[in-house]
Amino acid sequence: MRPIQTIRDRILLWAWGSLVLTLLSFGCSLLGDNFTTIAFAAFLASSLTLVGAIMDITALKRAHVELERSEQRYRHLFTRMPIALRQLDASRLLVLFRKLKAEGVKDLGPYFDSHPEFLRTCMDALSFEEANERAVQMFGGGPNGYVGRAMADTWRERPDTFRRAMESRYRGETNFEEETRMVTWDGRIVDVLFTTARVGPINDLEISLVGTIDISPRLRAQQELQRVQAEFAHAARVSMLGELTASIAHEVNQPLAAIATNGAAGLRWLNRPVPDIGEIRKTIENIVVDTQRAARIVARVRGMASRKVPEHASLCFDEIVREALLFLRHELESRGVAILHRPCPATPQVVGDRTQLQQIIVNLAINAAQAMTQAAHDDRRIVISTVAQDASTLCCSVEDNGPGIAAEHAGRLFESFFTTKESGMGMGLPICRSIVEAHGGRIGAECSAAHGGARFWFTLPKSVAAESPRPDLGVGA
Ligand code: ADP
C-alpha cells in the first residue's frame, strides 16, 4: 500500500473515513446498536485526521518560508560577494557527456585529442545564467546581459584551461581551480584565478558556479620583482666579468695569436717561388677554426654582459656547468686550482635561463678559488657534482678543500652585503639565491665538505622533457 504522505492523501482519507464511519453508524443504528457511541468514534477519527492535515500544512508553510529565506541568503551572498561569480547552465553539456559515457569514452583527454572540434562543442553547450555585481564590473556586459550567453569568447586566450576543466568535470570532480587568462566582453584580457564548483546531485551537476579573482596586480608585482632581480643579477655579472678580465683577455688572445701565426705561415708558403697550395689551404683552415673559437669566446662574454629578459628554455644542466667552466679555465689555472666536474649520468634537464644558471656556477667556483687562495693552500681542488636528488629534483654541489666557513658566519652567508673579503661586495651569494629561487629551487651551504672546505649546494626542479642520452661531457673540464 502507498504510504500516506501528502496533505491531499490525508484529506481524502479523512473524507473517506468520515463517509465509511457514517455509513457504518447508520447501518449499526438500523441493527439496533448504540448509535451515539459509533457516531462519536466517527467524529473523533475524522477530527484527528483533519488536525493532522492542518499540522502538515503548517509544517509545509514553515518549510517554505525557510526555503525562501535560504534562497534570499544565497541571492544576497551571490550578488554581494567580493568575488566575481557567474552561474552557468550545464544541462546541455551533461547530455553530451552522458552520450559519450554511453559510447564507452572513459577519459575525455584522449577524446579531445582525436576530436579537437569537441572542445568548441562543449563551450557552446555551456551558457551563462547570471552574474553578480563584481563579475559585471570585471567582465562588463551589464547585469541582464548574461542570460543564455555562450562562453566560447571568454576562453579565446586559454582554451587549454577550459579543456582541463572539462576533463575534470567528466571525471565527476565537483571542483576545479587554475590560474589563467580570460577575455572580457569588451575584449580586454585579465589574469585570473579561475575556480568552479559544480552543484547538483552527483553525476548530474547541472549548475556550475564560476568564481574569478583578478590576480593582475599580484602578477604585475611579481613581474616587477623579477625585473629588479634580473637587473641585480646583471649588475653582478658585469662585476664578475670585471674580476675575470685578465682571464678573458688571455682566452681571446690565444686564438688571435694562433691566427697571426697561421697567417704568417700561410704568407711564407705563398711567397715561395712555387707556392705550396696544400700547405696554404691547411693554414687557412686553421685560421677559420681559430676565428670561430675567438667568436665563441666573445659570444660567451657578450651573453654574460648583456641585459636581457630571463629565458625559460629547457636545458641540459651539465652542459651549462661545462660552459661555465670555459669561463673559469684560465682564472683557475692561474690560481693553481684543479677543477673536477662530475656530471649526473641521467643528464637531467632543467627549465631556465642559461646565462643566469651559468652565473651561479661561476660565482660559487670563484668564491671557492678565492677562499683557497686567501688561505694559501697548496692543494687546491674544486669538485662540481650533479646528482638526481629524487625523481623531480636535481642537486648540484660545489665543494672545495679551502678553509671552510666559520661557524659564526654560517647563518649570514646569503645576507646582502655580507662579506669577509677586503674588496668584497657581499652580493654574489644573495644573487645566487634569488636566481635559484626564481628557478623554483633552494640553495644552502655546509661548513665542512667531504674535501675539507666549504660545500655549497643548490637544487633545481627537473624539467618534464625526456632525458636526453648522455653527451660526452668529460671529467675535469
Ligand atoms: P663576496 O664574494 O663579495 O664576499 P659573496 O656573497 O659571494 O660576496 O660571499 C659572501 C661571503 O661568503 C664571502 O665573503 C665569504 O666569507 C663566504 N664564502 C663564500 N664562499 C666561500 C667558500 N667557498 N669558502 C669559504 N667562505 C666562503
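Residues numbered from 1 in each chain as written. Predicted model: local features only at pLDDT ≥ 70, side-chain atom pairs only at ≥ 80, totals over all residues. Heavy atoms only, no water.

1. Quick word on the overall build of the chain
Then, number 1: Helix and strand counts for the chain stand at 13 helices and 12 strands.
Then, number 2: Among the 477 residues that make up the chain, the fraction classed as buried is 38%.
Then, number 3: Taking the intrachain contacts of the chain between residues at least 6 apart in sequence as the baseline, contacts between residues at least 24 apart amount to 68%.
Then, number 4: A total accessible area of about 26,700 Å² is found for the chain, and carbon and sulfur atoms account for 59% of it. (Helix = DSSP H or I, 4+ residues; strand = E, 2+ residues; numbered from the N terminus. Buried < 20%, exposed > 50% of the residue type's maximum accessible area, 1.4 Å probe, protein only. Contact = heavy atoms within 4.5 Å. Areas by Shrake-Rupley, 256 points an atom, 1.4 Å probe, with all protein chains shown as cover.)

2. Structural notes on unusual backbone geometry
Then, number 1: A positive phi angle is found at Thr-347, which is not glycine, with a value near 40 degrees.
Then, number 2: Inspection of the secondary structure puts Thr-347 in the loop between strand 7 (337-342) and strand 8 (349-352).
Then, number 3: Take Thr-347: its relative accessible area is 1%, and that puts it in the buried class.
Then, number 4: Look at Phe-417: it is not a glycine, yet its phi comes out positive at around 70 degrees.
Then, number 5: Among the structural elements, Phe-417 can be located in the loop between strand 10 (393-400) and helix 13 (428-438).

3. Section: the sheet that holds strand 1 (residues 84-89)
Then, number 1: Within the open sheet, the 5 strands sit side by side as 2-1-5-4-3. Their pairing is antiparallel. Across the chains shown, the open sheet's two edge strands, defined by having one partner strand only, are strand 2 (127-131) and strand 3 (175-183). When the angles between neighbouring strand axes are averaged without regard to direction, this sheet yields 30 degrees.
Then, number 2: Sheet analysis places strand 1 next to strand 2, joined by 4 bridges and oriented antiparallel. Counted as the bridge partner of Gln-87 is Glu-130 from strand 2.
Then, number 3: Relative to the sheet, helix 7 (residues 159-170) contacts strand 3, strand 4 (189-199) and strand 5 (207-214), its axis offset from that of strand 3 by approximately 160 degrees. (Pairing = 2+ DSSP bridges. Axes fitted to C-alpha atoms, helices over the stretch in contact; angles between N-to-C directions.)

4. Section: the side chain of Lys-462
Then, number 1: Mapped onto the elements of the fold, Lys-462 is located in the segment after strand 12 (455-461).
Then, number 2: For Lys-462, a relative accessible area of 17% translates into the label buried.
Then, number 3: Among the polar contacts listed, one links the side chain of Lys-462 to the backbone oxygen of Asp-390, at a separation of 3.4 Å. (Polar contact = N/O pair within 3.5 Å; in protein donor to acceptor, adjacent residues only side chain to side chain.)

5. Section: the site of the ligand
Then, number 1: Neighbouring the ligand are 19 residues, the closest being Thr-419, Thr-420, Lys-421, Met-425 and Leu-429.
Then, number 2: Asp-400 places a side-chain nitrogen or oxygen 2.9 Å from a nitrogen atom of the ligand.
Then, number 3: Considering the ligand on its own, with 540 Å² of exposed area, one finds that the protein chains cover 91% of that surface.
Then, number 4: Put simply, the parts of the chain that give the shell around the ligand at least two residues each are helix 12 (354-374) and helix 13.
Then, number 5: Looking at side-chain class alone, the shell around the ligand contains 10 nonpolar, 7 polar and 2 charged residues. (Near = heavy atom within 4 Å. Nonpolar A, V, L, I, M, F, W, Y, C, P; charged D, E, K, R; others polar.)

6. Remarks on the confidence of the model for the chain
Then, number 1: Summarising the model, the chain shows a mean pLDDT of 86, and 85% of its residues fall at 70 or more.
Then, number 2: The least confident element of the chain, judged by mean pLDDT, is helix 1 (residues 7-31) at 63; the most confident is strand 12 at 97.
Then, number 3: Note that residues 466-477 has pLDDT below 50 and, in this model, 28 contacts with residues that lie over four places away or in other chains. (pLDDT = per-residue confidence, 0-100.)

7. Structural notes on the packing of helix 9 (residues 245-271) against helix 10 (residues 277-305)
Axis angle and axis distance: for two packed helices, these are the angle between their axes and the distance between the axes, and together they describe the pair.
Then, number 1: Put simply, helix 9 and helix 10 touch, their axes get as near as 9 Å, and they point 165 degrees apart. By the criterion of interaxial angle, the relationship of helix 9 to helix 10 is roughly antiparallel. As for the relative orientation of helix 9 and helix 10, their crossing is left-handed in sense. (Parallel < 35°, antiparallel > 145°, perpendicular 65-115°, else oblique. Left-handed = near helix turned anticlockwise from the far one by under 90°.)

8. A few points about the sheet that holds strand 11 (residues 443-446)
Then, number 1: Spatial ordering of the open sheet is given by 7-9-10-12-11, a layout of 5 strands whose pairing is mixed. Every other strand in the sheet has two partners, leaving strand 7 and strand 11 as the edge strands with one partner each. The average angle at which neighbouring strand axes cross in this sheet is 15 degrees, direction not considered.
Then, number 2: The sheet contact formed by strand 10 and strand 12 spans 7 bridges and is antiparallel. The residue of strand 12 that forms the bridge with Thr-393 is Pro-461.
Then, number 3: Lying over the sheet, helix 12 contacts strand 7, strand 9 (380-390), strand 10 and strand 12, oriented at roughly 140 degrees with respect to strand 9.

9. What to know about the packing of helix 8 (residues 216-243) against helix 13
Then, number 1: As a packed pair, helix 8 and helix 13 sit with axes 10 Å apart at the nearest point and diverge in direction by 135 degrees. As the angle between them shows, helix 8 and helix 13 are arranged oblique. Between helix 8 and helix 13 lies a crossing whose hand is left-handed. Side by side, helix 8 and helix 13 meet where Gln-229, Phe-232, Ala-233 and Ala-236 of the first sit next to Ile-431, Ser-434, Ile-435 and Ala-438 of the second.
Then, number 2: Each residue belonging to the contact of helix 8 with helix 13 can be placed in one class, and the counts come to 6 nonpolar, 2 polar and no charged.

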